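# Reading the structure
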Amino acid sequence: MKSGGQSGSRFGLKGSEDLGNGMKVGFVLENGFEADAGTMAQGNRLFGRESQVNLSGSFGEISFGRVGQLTSGNG
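Predicted, not measured: the structure shown is a model, and the values here were computed from it. (Residues numbered from 1 in each chain as written. Predicted model: local features only at pLDDT ≥ 70, side-chain atom pairs only at ≥ 80, totals over all residues. Heavy atoms only, no water.)

So, on to unusual backbone geometry. Most peptide bonds take the trans configuration, and most residues that are not glycine carry a negative phi. Here Asn21, not a glycine, exhibits a phi torsion of approximately 55°, which is positive. With a relative accessible area of 85%, Asn21 lands in the exposed category. Even without glycine at this site, Phe47 takes up a positive phi of about 55°. (Buried < 20%, exposed > 50% of the residue type's maximum accessible area, 1.4 Å probe, protein only.)

Averaged over all residues, the pLDDT of the protein is 83; the fraction at 70 or higher stands at 81%. Summarising per-element confidence for the protein, the mean pLDDT is lowest in strand β3 (residues 39–40) (80) and highest in strand β4 (residues 50–57) (93). (pLDDT = per-residue confidence, 0-100. Helix = DSSP H or I, 4+ residues; strand = E, 2+ residues; numbered from the N terminus.)

In this fold, Gln52 is placed in strand β4. Take Gln52: its relative accessible area is 9%, and that puts it in the buried class. Counting along the chain gives 24 residues from Gln52 to Val28, while the straight-line C-alpha distance between them is 5.4 Å. Reaching out from Gln52, the side chain makes a polar contact with the side chain of Asn54 at a distance of 3.2 Å. (Polar contact = N/O pair within 3.5 Å; in protein donor to acceptor, adjacent residues only side chain to side chain.)

Rendered as structure tokens:
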């Protein structure tokens, strides 16, 4: 068994709350781990893959924090 491969193992939490008037606030917390050893990846950082909070509305979406790469589905 070998960890990683193309995407790597991950665990995450994602949520959002409707603020009303077309505005929503949300968050994404994503942690990488080594499946073969059970240890954390990304330099042993908790939620080292992605951790961000976002605000969306009629203006679009703005995010703050550690966001995915531009070439990924999260970027």
